Amino acid sequence: MTSTTSHSLGIAAKGLRKAYGDKTVLDGIDLAVPAGTVFALLGPNGAGKTTAVKILSTLIAADAGELRVGGHDLAVDPQAVRAAIGVTGQFSAVDGLITGEENMLLMADLHHLPRKEGRRVAAELLARFDLTEAAKKPASTYSGGMKRRLDIAMTLVGSPRIIFLDEPTTGLDPRSRHTMWGIIRTLVADGVTVFLTTQYLDEADELADRIAVLNDGRIAAEGSAEELKRLVPGGHVRLRFSDPAAYQSAATALREVTRDDEALSLQIPSDGSQRELRAVLDWLDAAGIEADELTVHTPDLDDVFFALTGDSKIPHQAKENVR
Ligand SMILES: Nc1ncnc2c1ncn2[C@@H]1O[C@H](COP(=O)(O)OP(=O)(O)O)[C@@H](O)[C@H]1O
Ligand SMILES: [Mg+2]
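All of these numbers come straight from a predicted model, not from anything done at the bench.

What counts as what
Residues numbered from 1 in each chain as written. Chains lettered and ligands numbered in written order. Predicted model: local features only at pLDDT ≥ 70, side-chain atom pairs only at ≥ 80, totals over all residues. Heavy atoms only, no water. Core = buried A, V, L, I, M, F, W, Y, C linked by side-chain atoms within 4.5 Å. Buried < 20%, exposed > 50% of the residue type's maximum accessible area, 1.4 Å probe, protein only. Helix = DSSP H or I, 4+ residues; strand = E, 2+ residues; numbered from the N terminus. Contact = heavy atoms within 4.5 Å. Donors = N, O, S within 2.8 Å, 3.2 Å for Na, K, Ca; no water. Salt bridge = Lys/Arg side-chain N within 4 Å of Asp/Glu carboxyl O. Expected span 1.5 Å × (residues − 1). Arc of directions from axis to C-beta.

(A) Just the nonpolar core, in detail. Ranked by internal contacts, the top residues of the largest apolar core, which has 49 residues, are Met104, Leu125, Phe129, Leu150, Val194 and Ile211. A total of six residues in this core trace back to one element, the largest contributor, which is helix 6 (residues 174–189). Residue contacts for Phe129: discarding those within four places in its chain leaves Arg149, Ile152, Ala153, Leu156 and Ile183. Counting 26 residues, the second-largest nonpolar core is a separate cluster that includes Val33, Ala52, Val69 and Leu214.

Laid out in structure tokens, this is it:
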């Protein structure tokens, strides 16, 4: 853990435990989220992400653990925690039968905003999330991305300093995912602490200052994306050939490589540094090998995830960096 004091932590958990019957979901996990940062809890379906969010947002009780959110002890002052946070659940809180605007005004009422103030906040947030035009239409007519934006807009009505977003982009199309990422970045720029859960490694990589990988009820690894990537080897240079004969002679000449006979590609272990890259190129020149394509692959969170969990359920997101 870092030297961050407990005062500057938006969220802190020590020994968080939760079981349903004899099934242990969270087996004593520790979390520390500095205020004003994005923390991603990463794990496959059923890992316990929603359980963690529900506990930290006071919706359900933990079996054990010292938990502080916004500087308040969850066991002592859950009301103060509730006043400091906003939660966007995995499943939408939007009421489809009423309009987007009505959903917003309902939230304003829940937060006891005076009528005029409520209208002002609702209009401002609807505009900010590009929903002004749709504001008077029933929310059931909204696209998935619009519903998610409305969900977050509703969460922001109370101006929370800490926001929990449970799988904010699951099921969204790529464009809506990017919009959501932009929204999350804006929140953080405003100083909000964001606790997000995701099944997507690229999302954690894009957004999070720190990432914790949840596996079998425990935190299998925790750190920045860069720190996590350093945990695993997996960097390599990949050579692709179109001519099977050229591929065969290269594969024979380069002994310490991994072959993919179907794709006519060879993988050479490499950390991606300039020096190693030059050595690889010299080696290829010396052997008279000319590949049709050369790509440098640096280890990504996929590699980390597979190394930590051995899980193959997460779809592989190919991430090749051509340099
Ligand atoms: N209310 C509940 N009663 C019994 N089991 C539950 C309950 N809620 C969740 N679980 C179980 O706890 C595990 C973790 O669930 P969840 O926190 O929803 O995971 P995730 O959000 O990572 O997909 C799952 O095996 C799930 O079936
Ligand atoms: Mg969940």
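(B) Geometry of the coordination of the magnesium ion (ligand 2). Taken together, Thr50 (OG1) and Gln90 (OE1) make up the protein donors of the magnesium ion (ligand 2), found 2.0 to 2.1 Å from the metal. Placement of Thr50 in helix 1 (residues 49–56) and of Gln90 in the loop between strand 6 (85–88) and helix 3 (100–110) is noted, with a sequence separation of 40 residues between them. Thr50 gets classed as partly exposed once you look at its relative accessible area, which sits at 23%.

(C) Layout of the pattern of salt bridges. Under the defined criterion, the tally for this structure stands at 16 salt bridges. Linking Asp202 and Arg177 is a salt bridge whose minimum nitrogen-to-oxygen distance equals 3.4 Å. Here Asp202, found in helix 7 (residues 201–207), pairs with Arg177, found in helix 6; they are 25 residues apart in sequence, far enough to count as distant. Accessibility assignment for this pair places Asp202 and Arg177 in one class, buried.

(D) Quick look at helix 6. Spanning 16 residues, helix 6 covers 23 Å between terminal C-alpha atoms, matching the ideal 22 Å at 1.5 Å per step. Within helix 6 the residues assigned to the buried category are Ser176, Arg177, Met180, Trp181, Ile183, Ile184, Leu187 and Val188. Axial view of helix 6: buried residues confined to an arc of 160°, hence all on one face. Exposed residues lying more than 90 degrees from the buried face of helix 6 are Pro174, Arg175, His178 and Ala189. On its buried face, helix 6 sits against strand 3 (38–42), helix 4 (115–128), helix 5 (144–155), strand 7 (162–166), strand 8 (193–198) and helix 7. One or two residues past the end of helix 6 sits Gly191, with phi positive at roughly 95°.

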